[in-house]
Each structure stands twice: as structure tokens, then as C-alpha cells.
Amino acid sequence: MAPIGSFLALAAILFCIGLYGALTKRNIIIVLLSIELMLNAANLNLIAFSRLGVSANVAGQVFGLFSMTVAAAEVAVGLAILIALYRNRNSTDVRDMNLMKW
Amino acid sequence: MIAYAWLVPAIPLVAYLLLLALGRRVHEGVAAAIGVLATLISLVLSLMIFVDVAQGGGQLPYLWTWLTFGPGPGHTWQAGFEVNSLNALMLVVVSFVSTLVLLFSRGYMHGDPRFGVFYQYLLLFVFSMLGLVISPNFLQLYVFWELVGLCSYLLVGFWYEKPEAAAAAKKSFVVTRLGDVGLLAGIILLYLATGSFDYDDIARAIQTGGLQIHWIGPQGLATLGALLVFLGAAGKSAQFPLHVWLPDAMEGPTPVSALIHAATMVAAGVYLVARSFALFDASPVALDVVAYIGGITAILGAAIGLTQRDIKRVIAYSTISQLGYMMMGLGVAAYSAAVFHLFTHAFFKALLFLAAGSVIHAVDTQDLGRMGGLWRRMPVTASTFLFGALALSGVPPFAGFWSKDEILASTLAAGRPLLFALGMVAAFFTAFYIFRVFFLTFTGRYRGDRVPRESGWVMTLPLVLLALMALGAGWAGAPFTGYALERFLGEPSGASEAGAGPGVMAISTAVSLLGIGLAWLMYGERATSPEAWSRSLWPLYRLSFHKFYFDELYQAVIVRPAFALGKAFDWVDRRIIDGIVRLAAEATLAVASGVRRIQTGQVQTYGLITLLGIVALIAVSWSLLWGVRS
């Protein structure tokens, strides 16, 4: 049984990759994927704690399942927004989505 | 009855409010009836009060506390009313003249679209004037003082569509305001020194020398206080050098001139000096100033009146001159002579104005050059005007003779031959100018183009009543009634009176007759041409005709510099003060337009900054926690 530190380190690494991607990638779909990556890093934490935490029980895994379901729904909404944005701006580059300024 | 003296001003006030409620479309007859009735009730009450006072009724002021703002006697202000012989007399004069003027106005203002408003203003004025007269202290007097000033402004500018009337109203308000500032300063000074607004308290404090104020001695304080009060009186009573507003005030309707600018409001200044006579008596300097200002005003007004071509302006300058007489009388401590002259002057000057109003109503011009020969066509107006003119000139046995002579005799008795001479010359001028008006208006050939008709009874009845007073009012203070009025008024301490001896009477009668005779030669008989006189004396003529260039002088010395100063301040306000404000706004805008460029609209930038912020927060809180732990 690997110690919990390895799981948490993996989750942190995944989160950082996701964060890096979300903040730097130009393609809006990659940005969305990066956000999903961060979400999954959180899920990994939930499952790790449910197995190896101080009061380990099955609630963490159930919570993880719920979280994945919500993430799936969120991706559906997110992709719909992306399509709407693409139709509107005719581009998938996040630098073109700059209406929120003075 | 005296306890109900407050009703005298209250009734015109109620009538005013009633007319105000009825609005401006009220029927002329209704407005006039309400006005005349209200003033008539006031007149009856005044007469009853007068009789009570004459029979030695109580003279205590009726006071109640108006305002308390601290412990001690100086921190309670009182309001109320008082009746003494002086203001009982004033009540009768004011309500009598008011009643007649309100009746006269029914005819004079007939057909004016703002007839009801005119009566409103008149009633407000009557209320204010009566309130002024029975005020027991300086503070309350000042309130009414400003109210009569306001009414004067409203009524002078009654025909405000005429630019001259609007300008005259403004001028009268501003010039009297100059004096009012002095009065207010004087009241505050006396209050600081004595802790009271009450005339009698102040007089007592002055007589006992209990004046306490650190930067000025008791004598200086009495002088300064008296002079400041006199400044207010001079503004209201059109004394030199603040006399310039009164002739312009003739732009108002003629009944207004008769009521406000001849009989009542302009006499308020004289009344004020008379009421606070004890204050003036404490300061010989102040009395001298009053006397000489009065003397100068008397001769100045009379000299200007000699050449004016507008009938009302001649009478206005005559008013200035006569008010000068009253001030001169007060200045030589002839208290009751001055009040006596105020009393008689109110009647005959109101008469002259109303008669002039009747003439103006008939011929529709104020230019003496377009009148003439009206004796036949307007016999009542003409004969009553003659009564007024004789009274003004001081021909025995008319009213002005007795009062003017008493003042002149008092100047002589006070050892002021210069003032006596001024008064005599002014008396000569007076007789000349008023009979110049009389002959130009009522004798000779009619030079106008409108057919004049005698006015109706509402206008001639007041004339007749006033003419009777112009004849008989002086007998109240004549030697053959034993100076009844003087005895009624009583002498305040320090006043000195001199009955006119036969010498003074003879001289003044001769001087008056001389003036009348000269006017007759010039304008009645045309034995000597006035044009030739004015040509040969042209520098004097021009001086008099242009009113000694006072308006031009004030324009150059005061008005223009004041406007220039105003322009300079305006420039400072616009360029510098507004500039600073605008600079602050522009600077903020400039900074903002630079700083707003941080907002890129890129979500990723915002995300990065948020991340950095979180990291920083975590780092800080962590280090703090570690700091606490270790």
C-alpha cells in the first residue's frame, strides 16, 4: 500500500498541469480540458482520503462519483458555451475573447 | 384700551391675509372696501388709544418673552408693544393717512390689472408701519423696519414692466439698505454694551454711565451707537448723502408716494431718532451731526426742487427738504418741535401728493410743461393743492407755519445761527418751488392734449379731509392753544424747546411771502421770464437741474468701482476657484485613463493574477502562523 503522500503529490502535479494549461493555452478547448484536469486532481484527492484518510470510509468514493457526474454535466454546458462563442466570434483563440475590459 | 393696541396693526394684517386668500382676480370694489374698512377700524382704535393716553392712561410696555437662550438678563429677548404719547400720535397719523390713501387709490388705480395686489401691498405696508410704531425695542423695530422697506420696494416697483420703475425699486432698496446695515450694527453694539434692546433700558444705561465694552469708552460708545442708529434713520428718511433714492421712488403709483414716501415710512427715520432721543442726547457730537445733516438736507432738497420739471419730483425733493427740517430740529434738541413738524408734514405732504396724483390722473403726464390752467377744470384738486402749498410754504395760519417756525426758533435758541440761516433760505426756496408748481399746473393756459376732468368723490374726499388737516393740524401746537401738542408729547430729559417768538414768525412769514411772490412774478404773471433767470444764473441752474450731480457722482465713485470689483471677483471665481476644482477633476480623469489599461479583458490574465494573489495570501498567513508558533 503506497502512502497517502504519493497520491496527494500526483493530484497536486495534475492540478498544477491543469492550472498551467488553463492560464497559458491559446486554444479554448485545451483550456476547458485543463480545467477538467484540475477537477480530476480534486477527485483523486477525495478517493485517496476515502481509502487512506484519518477516518477512512466509503463516503469519499461516493462523493467522487457525484463529482464526476457533475463534471460531465458541466462539460456539456461548457462545450455548448464554446460552440456559441465560436459561432459568435468565429475563433477558438482565447485572446479574441476580450470584451470584459474598459 | 391701550392693552388692545396690538389690534391696530393686527387688523390691516388680517385684511391683507384675506385679500391674499381672495387672490388677484378679486373685484376692485371688494378689495378697496376691505382695505378702507380695515384701516378705518385701525384709525378708530388709534383715536381711542390717543384719547386714553391723553387722559394719562398707563404707558407700561406689554411684553412677553420671545426667546431665552441662557441665564441672566441679557439672554432673554422680549417682544410686545408699548404705547406712549409719541407713538399714540404716530398711530393716529399713520392710520388716518392710510385710510385716506386707500380710499383715494380706489379711484386712482381703477382699471389696473393688479388692483387687488396693490391693495395687498398697501395693507401689508400699513400693518408693518403700525407695528414699527408700537415696537417696544430695537430688535422688533428692526423687523418692521425691514418690512416697510420691503413694501416700499414692492410698491415702487409696482409697475415693474417699466424699466425705470424696476430700477427705482432696486435703487430705493439698496440705498436704504446701506443705512439699515448701520442701524443693525448700532443695535448690536448697544446690545453688547447694555445687554438689552429696550429703548428705555438703553437710555437708562447711558444716563447712569453703565456702558461696558472694552474697546471704547462710554462717551465714544454713545456717539458711535447714536451715529449708527442715525445712519439707519438717514437711509430711511432720505437724508443727505443717502437721499438719492427718494426722487427715483416717484416711479411708483402716486398714492404710494403719498403714503410711504411722504407721510409715513420716510418719517420712520425721524421717529426712530425721536424715540431713541435719550441716546442722542448723551452725545453732543451725534446731535451736531444730526443737526447739520438735517440742515444740509433741508437746503439741498429745496435747491434741487427749484428746477425739476416733473411734478412728483418737485414734491419728492420737498419731502427730502422737510425731513431735513425735522432732523435739524431733533439735532438742536427741539424734540417736540420736530415731532410736531412730522405730524403736520404728514398731512400736507400727503395732500400735495394726492392732489398731484389727481392731476396726473386727469392729464396723464407728470411733466409740468404739459399742464396749466387746471384751476377751472379741477377746482377741488386745485384749491386743496393750494391749501397744501400754503401749509408747506409756512403761511399763517396753515399747519406748516407753526411747526416750521418752532424748529427755526429752536435753532436760534440753541445758538446755531448758521442752521437758522440755512432753514430760512430753504424756507424761501420751498415757498418758491411749490408755488412754481402751483402756477405752472393750475394757472395760465392748458398745454396738454388730453381733456382733463375733475376726479370723482373717492379721490376728492381724501383731498378735502387732508386740506382741512393742512389748515388746522398746526393749531394743535400753536401758541393760542397753549402748545397743546407739545404738552401732550412731554419733553424727554435733555430736550430744549423754544416757542417761536413774534420776531421769528414775522421773518419766516415774510420769507415765505417773498418766495410766493417771486414764483407769482415768474410763473403766474410772467412779469419776469424764468428762462432769462436760468440763463443768467446758468451754473447754479445746471447744478440744481442735475440734482447737484449726485447720481453721476455716486455712479462714478461707488457704482462703477463696485461693479469693477464684482467683475474682478467674478474673474477670480471663474478662473482660479473654478480652475482649481476643474483641475482636480481633470487630474483624476487623466490618472484613470492611464490606469484603466490594466484591465485587459483576458480571463487568463485575471486568473493568473488571482493565482498570484492566493499564493501571496497563503504565504503571508503561513508565515504569520509560523511566527506565532515559534
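Residues numbered from 1 in each chain as written. Chains lettered and ligands numbered in written order. Predicted model: local features only at pLDDT ≥ 70, side-chain atom pairs only at ≥ 80, totals over all residues.

A.B. asks: Explain the overall build of chain B to me, please; I cannot follow it from the model alone.
C.D. replies: Check the secondary structure of chain B and you find 26 helices and two strands. The principal-axis extents of the C-alpha atoms in chain B amount to approximately 120 × 60 × 50 Å. For chain B, the proportion of its 630 residues judged to be buried stands at 52%. Sequence-distant contacts, at least 24 apart, represent 81% of the contacts inside chain B between residues at least 6 apart. (Helix = DSSP H or I, 4+ residues; strand = E, 2+ residues; numbered from the N terminus. Buried ≥ 20, exposed ≤ 12 C-beta atoms within 10 Å, placed from the backbone. Contact = placed C-beta atoms within 7 Å.)

A.B. asks: Sorry if this is basic, but what is going on with the overall build of chain A here?
C.D. replies: Looking only at helices and strands, chain A features three helices and zero strands. Put simply, chain A runs from its N terminus to its C terminus through helices and strands in the order α-α-α. Its C-alpha atoms give chain A principal-axis dimensions of about 50 × 25 × 25 Å. The buried share of chain A, taken over its 102 residues, is 12%. Long-range pairs, those at least 24 residues apart, make up 45% of the contacts in chain A between residues at least 6 apart in sequence.

A.B. asks: Help me out: how do you make sense of the interface of chain B and chain A in this one?
C.D. replies: Counting residues at the interface gives 10 residues for chain B and 11 residues for chain A. Taken together, the residues of the side of chain B that touches chain A break down into three nonpolar, six polar and one charged. (Nonpolar A, V, L, I, M, F, W, Y, C, P; charged D, E, K, R; others polar.)

A.B. asks: Explain the pairing of strand β1 (residues 62–68) of chain B here, please?
C.D. replies: Taken residue by residue, a regular strand's side chains alternate between the two faces of the sheet. Residue and element names in this part refer to chain B. Among the seven residues of β1, zero are classified as buried, and the element is accordingly described as predominantly exposed. Where β1 lies against strand β2 (residues 76–81), six bridges are found, and the strand directions are antiparallel. Each residue of the ladder has a partner; that of T68, found in β2, is T76. (Pairing = 2+ DSSP bridges.)

A.B. asks: How should I be thinking about unusual backbone geometry in this particular structure?
C.D. replies: A negative phi angle characterises most non-glycine residues, just as the trans form characterises most peptide bonds. Residue and element names in this part refer to chain B. The amide bond that connects F240 to the next residue, P241, takes the cis arrangement and shows omega of 5°. Of note, P241 is situated in the loop between α8 (218–236) and α9 (245–248). Cis geometry marks the peptide bond from P396 to P397; its omega dihedral reads 0°. Along the chain, the position of P397 falls in the loop between α17 (379–393) and α18 (399–413).

A.B. asks: Looking at this model, I keep getting lost on the environment of B:M1. Mind explaining?
C.D. replies: By secondary structure assignment, the location of B:M1 is in the segment before α1 (7–22). Sequence-wise, B:M1 and B:F240 are 239 residues apart; in three dimensions their C-alpha atoms are separated by 40 Å.

A.B. asks: Teacher, can you tell me more about the nonpolar core here?
C.D. replies: A general trend in soluble globular proteins is that nonpolar side chains are found buried together. Counting 215 residues, the largest nonpolar core has B:V270, B:V273, B:V290, B:A338, B:A350, B:L351 and B:A470 as its most contacted members. With sequence-adjacent residues up to four places away left out, B:V270 is seen in contact with B:S237, B:L323, B:M326, B:M327, B:L330, B:A338 and B:L342. (Core = buried A, V, L, I, M, F, W, Y, C linked by C-beta atoms within 7 Å.)

A.B. asks: Any chance you could explain helix α25 (residues 550–595) of chain B here in plain terms?
C.D. replies: One turn of an α-helix holds 3.6 residues; hence residues three or four places apart share an orientation. Residues and elements named next belong to chain B. In a regular helix each residue adds 1.5 Å, so 46 residues correspond to 68 Å; α25 covers 64 Å between its end C-alpha atoms and thus fits that length. Considering bend angle alone, the principal kink of α25 is centred on G579 and spans about 40°. Little of α25 is tucked away, with zero of its 46 residues classed as buried. (Expected span 1.5 Å × (residues − 1). Bend = angle between axes of the 7 residues up to and from the residue.)

A.B. asks: What is the right way to look at the packing of helix α15 (residues 335–363) of chain B against helix α20 (residues 457–472) of chain B in this model?
C.D. replies: The relative placement of two packed helices is expressed as an angle between their axes plus a distance between the axes. Residue and element names in this part refer to chain B. Remark: α15 packs on α20, axes separated minimally by 9 Å, with the N-to-C direction vectors making an angle of 150°. By the angle class used here, α15 and α20 are roughly antiparallel. For the pair α15 and α20, the crossing hand works out as left-handed. The residues of α20 that touch α15, namely those facing F347, F348, A350, L351, L354, A355 and S358, are M459, P462, L463, L466, A467, M469 and A470. Taken together, the residues of the contact of α15 with α20 sort by class into 13 nonpolar, one polar and no charged. (Axes fitted to C-alpha atoms, helices over the stretch in contact; angles between N-to-C directions. Parallel < 35°, antiparallel > 145°, perpendicular 65-115°, else oblique. Left-handed = near helix turned anticlockwise from the far one by under 90°.)

A.B. asks: Looking at this model, I keep getting lost on the confidence of the model for chain B. Mind explaining?
C.D. replies: Low pLDDT marks regions whose predicted coordinates should not be analysed in detail. In this model, chain B carries an average pLDDT of 86, and 97% of its residues clear a pLDDT of 70 or more. When pLDDT is averaged over each element of chain B, helix α5 (residues 138–156) of chain B comes out on top at 92 and helix α23 (residues 530–536) of chain B at the bottom at 77. (pLDDT = per-residue confidence, 0-100.)

A.B. asks: Honestly, the packing of helix α14 (residues 311–331) of chain B against α15(B) in this entry has me stumped. Any pointers?
C.D. replies: All names here are of chain B. One can describe the packing of α14 onto α15 by two numbers: an axis separation of 9 Å at closest approach and a directional angle of 175°. Between α14 and α15, the interaxial angle falls into the category roughly antiparallel. The residues of α15 that touch α14, namely those facing I311, K312, I315, T319, Q322, Y325, M326, G329 and L330, are Y335, A337, A338, H341, L342, H345, K349, L352, F353, A356 and V359. Of the residues contributing to the contact of α14 with α15, the split by class is 13 nonpolar, five polar and two charged.

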